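This is what each chain is made of:
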Amino acid sequence: AKEQGRNDFRFYAPEMNARMLERLELENGLRRALEQDELELHYQPKVELAHGRVVGAEALIRWRHPVLGMVSPADFIPVAEETGLIVPIGEWVINTACRQLQAWREEGLPDVSVAVNVSARQFQQADLVGVLDEALRSTEVPARQLHLEVTESGVMSNPERTIVMLRTLKEIGVLVSLDDFGTGYSSLNYLKRFLIDSVKIDQSFVADLTTSSEDAAIARMVISLAHSLNQTVVAEGVETAAQLDFLRRYHCDQMQGYLCSRPIPAAAFASLVRDGG
Ligand code: C2E
Ligand code: CA
Ligand code: CA
Ligand code: CA
């Protein structure tokens, strides 16, 4: 067993070091990215199904790495969360989204909403409210144009604190969406007690909407549950006309997905809004 253990050690150690090194590089890279303006936001349209126009966007972070090119948030957000860098990054996202809304307003673009993703750790930060207040105040953006997308895990790690936080956010006037709905473990009881304005049907359900009767049933259930709680419903990851037909038939409020557009730079999004979506 001792022999075995030593072999295991020799076998695994270099691999572990490589992974730690990679993480450290990612962490240092992210710090530099923040300082040197390598981060940007792309905007994915949200379409109101009742009239087919673009009414808002989800802001999605992009990292233009000088050597690696575009790095996916799926690769660096988890590291940012582990290291706490998500807090300054999240602050950058909120400030950038508000400055963009301000710029669009000055250009005379019709009012749109921008939803920013808030990770669990950021949501539990006492200072989030202060950051939002300051970003809205300094840009004079109306609070109702800024939405926050929080995940079930983000709000369920401390539900009682979440209830207080959501009440404060309601007072400020920013709207809150429950992201990736159906993939976590939020109880129906909390769904009622949380002051949530909308839920997003996770793309894993939307993907098989027209081929899986179970996923179709879940989507219908989420839509009617949300509506009976006075919440609006956004379907994400909509890629086909058949999925869109289904969502229309069951009165989903908004859709987001490649069928309409991928996440695009701010200028491209503004043109889309001007052309009426
Ligand atoms: P998410 O919040 O669930 O965002 C939706 C993801 O689905 C985005 O991936 C989007 O580009 C992608 N998507 C949109 N429409 C379609 C479609 O029709 N088909 C498919 N297959 N995918 C679609 P993205 O931009 O790579 O972001 C991945 C995740 O990274 C996000 O998932 C979110 O959890 C996180 N993230 C992105 N930006 C931020 C940010 O600013 N802050 C934080 N905390 N997390 C972020
Ligand atoms: Ca989201
Ligand atoms: Ca989502
Ligand atoms: Ca997701």
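Shown above is the structure to which this text applies.
Residues numbered from 1 in each chain as written. Chains lettered and ligands numbered in written order. Predicted model: local features only at pLDDT ≥ 70, side-chain atom pairs only at ≥ 80, totals over all residues. Heavy atoms only, no water.

### A word on the side chain of Glu 236
And step 1. Take Glu 236: it is sitting in the loop between β8 (232-235) and α11 (241-249).
And step 2. Ignoring any residue separated from it by four or fewer positions in sequence, one finds Glu 236 in contact with Asp 179, Asp 180, Lys 200, Ile 201, Asp 202, Gln 203, Val 206 and Gln 256. (Helix = DSSP H or I, 4+ residues; strand = E, 2+ residues; numbered from the N terminus. Contact = heavy atoms within 4.5 Å.)

### Some details on the site of ligand 1
And step 1. Every one of the 21 residues lining ligand 1 counts as a neighbour, but Gln 44, Arg 62, Gln 203, Glu 239 and Tyr 258 are closest to it.
And step 2. Within the side chain of Asn 117, an N or O atom sits 3.1 Å from an oxygen atom of ligand 1.
And step 3. Asp 179 places a side-chain nitrogen or oxygen 3.2 Å from an oxygen atom of ligand 1.
And step 4. In isolation ligand 1 offers 800 Å² of accessible surface; the protein chains occlude 81% of this area.
And step 5. One can see that ligand 1 is located within the largest pocket.
And step 6. Only β2 (54-65), α2 (73-83), α3 (86-107) and β6 (175-181) provide two or more residues apiece to the shell around ligand 1. (Near = heavy atom within 4 Å. Polar contact = N/O pair within 3.5 Å; in protein donor to acceptor, adjacent residues only side chain to side chain. Areas by Shrake-Rupley, 256 points an atom, 1.4 Å probe, with all protein chains shown as cover. 1 Å grid on protein atoms, 1.4 Å probe; cavity = no way out; pocket = protein on both sides within 12 Å on 5 of 7 lines; lining within 4 Å. Sits in = over half its atoms within 2 Å of the grid points.)

### Looking at the coordination of the calcium ion (ligand 2)
And step 1. The protein atoms that coordinate the calcium ion (ligand 2) are Glu 58 (OE), Asn 117 (OD1), Glu 149 (OE) and Asp 179 (OD), at distances spanning 2.2 to 2.3 Å.
And step 2. Between the two metal centres, the calcium ion (ligand 2) and the calcium ion (ligand 3), the spacing is 3.9 Å, with Asp 179 acting as a shared donor. One end of the pair, Glu 58, is in strand β2; the other, Glu 149, is in strand β5 (residues 146-151), with 91 residues separating them in the sequence. Like Glu 58, the residue Glu 149 is buried in the burial classification. (Donors = N, O, S within 2.8 Å, 3.2 Å for Na, K, Ca; no water. Buried < 20%, exposed > 50% of the residue type's maximum accessible area, 1.4 Å probe, protein only.)

### Considerations on empty space enclosed by the protein
And step 1. According to the stated counting rule, one finds one cavity of 30 Å³ or more in the structure shown.
And step 2. Empty space within the largest cavity amounts to approximately 30 Å³.
And step 3. Forming the walls of the largest cavity are Leu 101, Trp 104, Arg 105, Leu 109, Pro 110, Asp 111, Val 112 and Gln 145.
And step 4. Grouping the amino acids of the lining of the largest cavity by side-chain chemistry returns five nonpolar, one polar and two charged. (Points joined across faces, edges and corners; volume = space filled by probe spheres on them. Nonpolar A, V, L, I, M, F, W, Y, C, P; charged D, E, K, R; others polar.)

### With respect to the coordination of the calcium ion (ligand 3)
And step 1. In the first shell of the calcium ion (ligand 3), the protein supplies Asp 179 (OD), Asp 180 (OD), Glu 236 (OE) and Glu 236 (OE), at 2.2 to 2.4 Å from the metal.
And step 2. Sequence positions of the residues that donate to the calcium ion (ligand 3) give the spacing D-D-x55-E.

### A look at the packing of α3 against helix α12 (residues 266-274)
And step 1. Two numbers describe how α3 lies on α12: the axes approach to 12 Å, and their chain directions differ by 45°. Looking at the two axes, α3 sits oblique to α12. For α3 against α12, the interelement crossing comes out right-handed. For the pair formed by α3 and α12, the contact residues are Gln 100, Trp 104 and Glu 107 on the first element and Ala 266, Phe 269, Ala 270 and Arg 274 on the second.
And step 2. Of the residues assigned to the contact of α3 with α12, the class counts are four nonpolar, one polar and two charged. (Axes fitted to C-alpha atoms, helices over the stretch in contact; angles between N-to-C directions. Parallel < 35°, antiparallel > 145°, perpendicular 65-115°, else oblique. Left-handed = near helix turned anticlockwise from the far one by under 90°.)

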